[in-house]
Amino acid sequence: MPRDAIAALLEWYVANGVDVAVEEEPTDRLAPPRPMAQPPAAAPAELTRPVTLQAAEAPPDPELGHRAARALAHAAPTLEALREALTGFEGCALKLTAKSLVFSDGNPAGRVMLVGEAPGREEDLQGVPFVGRSGQLLDRMLAAIGLSRDDVYIANVVPWRPPGNRTPTPQETAICRPFIERQIELADPDFLICLGGAAAKELLATTEGILRLRGQWHSYDTGKRSIRAMATLHPAYLLRQPLQKRLVWRDLLSLRAALDGQGG
């Protein structure tokens, strides 16, 4: 293939979230397994000795990851210390495939904190949450009620991008949860906005669907005090379902009224 064609194909792969190479020949995943070849009768001792993975090659132990996350998050006295703790944290396998730690953006002293689920490709490349198409829409949503990134604090439940933008597993989310809880506690906003059903389920401890949950005010304990929290639709969902922007507009108006001291 010509060089230009190869470059165009690679750009197309990247735009569609392709992270890994695949084999040239297709693999039938439904085919029965091939019989294993019998080992030679007298294999050398070094070939029959059990192989032990080195610590650097072994995946992080989930339980150790949980305990380490809780300890590190609790010990961080400031947001900057929490960022440093996450930078050195090795308990979540997502860190092995992500390019960047996507910790936060905006004003940590802002009255409003917005939390999404996990970074995407653009966020991973820049190390900043909500900078892709979803982030651009979020900026317009905030501007519609007179806010900007200088007025709010933005983070994610999971600070590393899952490969291929897949959904984080429950285990990955659980390991990261102590960090986002501590991040909310240290930022201590007046209002917490959960962007999307995944963030809402983690932070508001609910199994209710986002379309039923959105727009309602809840109470969230930051560890210091109880603050008002609300879930709304994720900007990425609105890009796929633009007619639902009318619902988010109602949620934004409710937030604006609460900021102005008019919320019920």
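Here is a short report on the structure shown in this document. (Residues numbered from 1 in each chain as written. Predicted model: local features only at pLDDT ≥ 70, side-chain atom pairs only at ≥ 80, totals over all residues. Heavy atoms only, no water.)

What follows concerns the overall build of the protein chain. Across its full length, the protein chain holds 12 helices and six strands. Buried positions account for 40% of the 264 residues belonging to the protein chain. Within the protein chain, contacts between residues at least 6 apart in sequence are counted, and of these 73% link residues at least 24 apart. Counting only carbon and sulfur atoms, one obtains 55% of the accessible surface of the protein chain, whose full area is about 15600 Å². (Helix = DSSP H or I, 4+ residues; strand = E, 2+ residues; numbered from the N terminus. Buried < 20%, exposed > 50% of the residue type's maximum accessible area, 1.4 Å probe, protein only. Contact = heavy atoms within 4.5 Å. Areas by Shrake-Rupley, 256 points an atom, 1.4 Å probe, with all protein chains shown as cover.)

Once that is clear, we can look at the sheet that holds strand 5 (residues 217-221). Across the sheet, six strands lie side by side as 1-3-2-4-6-5; this open sheet has mixed pairing. Strand pairing shows two members of the sheet lacking a second neighbour, strand 1 (105-106) and strand 5, which therefore form its edges. In the sheet, strand 2 (residues 112-116) pairs with strand 3 (residues 152-156) via five bridges, with the strands oriented parallel. By the bridge assignment, Val-112 is partnered in strand 3 with Val-152. Where helix 12 (residues 245-259) meets the sheet, its contacts fall on strand 2, strand 4 (191-195), strand 5 and strand 6 (226-232), and the angle it forms with strand 6 comes to roughly 160°. (Pairing = 2+ DSSP bridges. Axes fitted to C-alpha atoms, helices over the stretch in contact; angles between N-to-C directions.)

Attention now moves to helix 9 (residues 197-204). For helix 9, every residue scored as buried is listed here: Ala-199, Ala-200, Leu-203 and Leu-204. Each buried residue of helix 9 sits inside an arc of 100° when the element is viewed along its axis, so together they form one side. Ala-205 sits one or two positions beyond helix 9 and adopts a positive phi of about 50°. (Arc of directions from axis to C-beta.)

Turning our attention to the pairing of strand 3. Most of strand 3 sits inside the fold, with five of its five residues counted as buried. Pairing of strand 1 with strand 3, which is carried by two bridges, proceeds in the antiparallel orientation. Bridged to Gly-106 within strand 3 is Tyr-153.

All right, on to the nonpolar core then. Membership of the largest hydrophobic core comes to 61 residues, with the highest contact counts inside it found for Met-113, Leu-114, Trp-160 and Leu-192. When near neighbours in sequence (up to four residues on either side) are disregarded, Leu-192 contacts Met-113, Val-115, Ile-184, Leu-203, Tyr-220, Ile-227, Arg-228, Ala-229 and Met-230. (Core = buried A, V, L, I, M, F, W, Y, C linked by side-chain atoms within 4.5 Å.)

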